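Next come the chains, spelled out residue by residue.
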Amino acid sequence: APVELDERYDDSFNIGAAVEPYQLKGKSAQVLKKHYNSIVAENVMKPINIQPEEGKFNFEEADKIVKFAEENDMDLRFHTLIWHSQVPDWFFLDKEGKPMVDETDPEKREENKQLLLERVRTHVKTVVTRYKDVVDSWDVVNEAVADVASPETDGLRDSTWYQLTGTDYIKVAFETAREYGGEDANLYINDYNTEVSQKRENLYNLVKGLLAEGVPIDGVGHQAHVQIGWPSIDDIRTSFEMFSSLGLDNQVTELDVSLYGWPPSGKYNTYEEIVNSEENILEAQADRYDQLFNLYEELDADISSVTFWGIADNHTWLDDRATQYSDDGLGKDAPFVFDPNYKLKPAYWAIID
Ligand code: XIL
């Protein structure tokens, strides 16, 4: 009988999956219960869904995921308290409904900044208070770092958050999460391309500076939206080691292994084409998974959880990308270890053995 993924890695780290509420029944739920011991919401815990209008919190969909985690004794990651994307516009409108970024008067800019930070406090306080007993790790801030060298923003993403508050939105988010989540709350800063030298340096400098100021960060979430040939295992290793050296935990938070480079070619339009590909692409993907999990196991003292950004190849955000960039408006990716019918792929056997 096939070995359960979470059991296979029981001595090392959790195995998680990102889910939409509709996946909590039927076959996907069965596979979730069998192979995973942690879940995270793919979308429904993002600010746009949790607080679509100021003061109007909507926990209905989020609660379904919380309930499933509790009923099945799974860990729960919370994704995400603060992000520049999937955040409702009202956060950045002043009291008159004008975009805060348009304000030029220094006094009013300061007022706007305080209003925005107050909104961060309210959002974080409300969500953390509600879920503190059920959430095991929090993505407090997502994608705060720039992809390139950017001295003018100290290596930070030039988001509206940054333009209006500098790094204060990050500090306030973590401090509020600690205040209402307590000492036991595990607080992460999450980002993609944390393996890429310039970006990981930007992230490292940010985190090091914040820690020196006493900002309560417990770990780094590495999204790990990777490809078969990229990034190198050495770069991935270096990244984990850099953050461990700061005394931080690491989590792999959004793992998927795309069949494509960047931008994705949308070379395969159907799963059948993938399975029958001349280059045996699913075997190449299996080798890649083998390398990744060998590394994770080797560094397991520094990694507390590995979460896939989905369950099986029938539901992946990468399909949208493959489709978007393809010439013919079609595109299929297949980033996971279960196929669209939840059958075991070569990649599954690669990480079990
Ligand atoms: C993605 C979801 O998978 C999609 O369904 C949604 O349309 C957009 O967001 N980095 C993140 C995740 O932190 O929240 C993103 O999730 C993928 C990239």
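The structure displayed is predicted, hence computed values, not measured ones.

Some thoughts on the overall build of the protein chain
Reasoning step 1: Helix and strand counts for the protein chain stand at 13 helices and 9 strands.
Reasoning step 2: Its C-alpha atoms give the protein chain a radius of gyration of 20 Å, near enough to 20 Å, the size a compact globule of 353 residues would have.
Reasoning step 3: Based on the C-alpha atoms only, the size of the protein chain along its principal axes is roughly 65 × 40 × 40 Å.
Reasoning step 4: Every one of the 353 residues in the protein chain was classed for burial, and the buried ones make up 44%.
Reasoning step 5: Put simply, 76% of the contacts in the protein chain that link residues at least 6 apart link residues at least 24 apart.

As for the confidence of the model for the protein chain
Reasoning step 1: Of all residues in the protein chain, 99% attain a pLDDT of 70 or more, and the chain-wide mean is 97.
Reasoning step 2: Across the predicted assembly, pTM comes out at 0.98 and ipTM at 1.00.

Describing unusual backbone geometry
Reasoning step 1: The linkage connecting His 79 with the following residue, Thr 80, adopts the cis geometry, with an omega of 0°.
Reasoning step 2: Within the element layout of this structure, Thr 80 appears in strand β3 (residues 75-82).
Reasoning step 3: Here the bond from Trp 230 into Pro 231 is cis, since omega is -10°, no more than 30 degrees from zero.
Reasoning step 4: Positive phi, normally seen in glycine, also occurs at Asp 154, with a value near 55°.
Reasoning step 5: Following the sequence through the fold, Asp 154 ends up in the loop between β4 (137-142) and α6 (160-165).
Reasoning step 6: Of note in the backbone geometry, Asn 193 takes a positive phi value of approximately 55° without being a glycine.

What to know about the pairing of strand β9 (residues 303-308)
Reasoning step 1: Counting buried residues along β9, 6 of its 6 residues qualify, which places the element largely inside the surrounding structure.
Reasoning step 2: Where strand β1 (residues 14-19) meets β9, 4 bridges bridge the pair, whose relative direction is parallel. Within the sheet, the bridge partner assigned to Ala 17 lies in β9 and is Phe 308.
Reasoning step 3: Two strands pair when backbone bridges link them, and strand β8 (residues 249-258) and β9 are joined in this way by 4 bridges, in the parallel orientation. Pairing of Asn 250 across the sheet is with Ile 303, part of β9.

So, the UniProt feature "active site" (unreviewed entry) in the protein chain
Reasoning step 1: In the numbering used here, UniProt assigns the feature "active site" (unreviewed entry) to Glu 254.
Reasoning step 2: Within the secondary structure, Glu 254 is located in strand β8.
Reasoning step 3: If sequence neighbours within four positions are ignored, Glu 254 has contacts with Ala 18, Gln 223, Ala 224, His 225, Thr 307 and Trp 309.

What about the nonpolar core?
Reasoning step 1: Ile 39, Ile 65, Trp 138, Val 140, Ala 173, Ala 177 and Tyr 289 are the most contacted members of the largest nonpolar core, which has 86 residues in total.
Reasoning step 2: Discounting chain neighbours no more than four positions away, the residues touching Ile 65 are Val 19, Pro 21, Ile 39, Ala 41 and Val 44.
Reasoning step 3: One finds Tyr 260, Ile 274, Ile 281 and Leu 318 within the second-largest nonpolar core, a separate group that totals 8 residues.

Re the pairing of strand β5 (residues 187-191)
Reasoning step 1: In terms of burial, β5 is a largely internal element, 5 of the 5 residues being buried.
Reasoning step 2: Here β5 shows a buried face lined by Leu 187, Ile 189 and Asp 191 and a second buried face lined by Tyr 188 and Asn 190.
Reasoning step 3: With 4 bridges connecting them, β5 and strand β6 (residues 219-222) associate as parallel partners. Considered in β6, the bridge of Tyr 188 is made with Gly 219.
Reasoning step 4: Regarding topology, helix α8 (residues 197-212) serves as the crossover connection from β5 to the parallel β6, and that connection is right-handed.

Considering the environment of Arg 200
Reasoning step 1: Positionally, Arg 200 belongs in helix α8.
Reasoning step 2: When the C-alpha atoms of Arg 200 and Phe 336 are compared, they prove to be 25 Å apart, with 136 residues separating the residues in sequence.
Reasoning step 3: Excluding residues within four positions of it along the chain, Arg 200 makes contact with Thr 194, Glu 195, Ser 239 and Met 242.

Some remarks on the environment of Lys 267
Reasoning step 1: Note on placement: Lys 267 falls in the loop between β8 and α10 (271-275).
Reasoning step 2: Sequence separation between Lys 267 and Tyr 22 is 245 residues, and the spatial gap between their C-alpha atoms is 29 Å.

Side note on the packing of helix α5 (residues 106-131) against helix α7 (residues 168-181)
Reasoning step 1: Two elements in contact, α5 and α7, have axes separated by 9 Å at closest approach and are oriented at 30°. Classed by the angle they form, the pair α5 and α7 counts as roughly parallel. Considering how the two elements wind past one another, α5 and α7 form a crossing that is right-handed. Of α7, the residues touching α5 (which contributes Leu 117, Val 120, Arg 121, Val 124, Lys 125, Val 128 and Thr 129) are Asp 168, Tyr 169, Val 172, Ala 173, Thr 176, Ala 177, Tyr 180 and Gly 181.
Reasoning step 2: Looking at the contact of α5 with α7, its residues break down into 9 nonpolar, 3 polar and 3 charged.

A few points about the site of the ligand
Reasoning step 1: Taken together, the residues surrounding the ligand are Glu 42, Asn 43, Asn 142, Tyr 192, Gln 223, Glu 254 and Trp 317.
Reasoning step 2: For the shell around the ligand, a count of residues per class yields 2 nonpolar, 3 polar and 2 charged.

Parameters at a glance
- Residues numbered from 1 in each chain as written.
- Predicted model: local features only at pLDDT ≥ 70, side-chain atom pairs only at ≥ 80, totals over all residues.
- Helix = DSSP H or I, 4+ residues; strand = E, 2+ residues; numbered from the N terminus.
- Rg over C-alpha atoms; globule rule 2.2 N^0.38 Å.
- Buried ≥ 20, exposed ≤ 12 C-beta atoms within 10 Å, placed from the backbone.
- Contact = placed C-beta atoms within 7 Å.
- pLDDT = per-residue confidence, 0-100.
- Pairing = 2+ DSSP bridges.
- UniProt positions renumbered as here; feature names shortened; annotations may be inferred.
- Core = buried A, V, L, I, M, F, W, Y, C linked by C-beta atoms within 7 Å.
- Right-handed = clockwise from strand over helix to strand, strands pointing away.
- Axes fitted to C-alpha atoms, helices over the stretch in contact; angles between N-to-C directions.
- Parallel < 35°, antiparallel > 145°, perpendicular 65-115°, else oblique.
- Left-handed = near helix turned anticlockwise from the far one by under 90°.
- Nonpolar A, V, L, I, M, F, W, Y, C, P; charged D, E, K, R; others polar.
- Near = placed C-beta within 6 Å.

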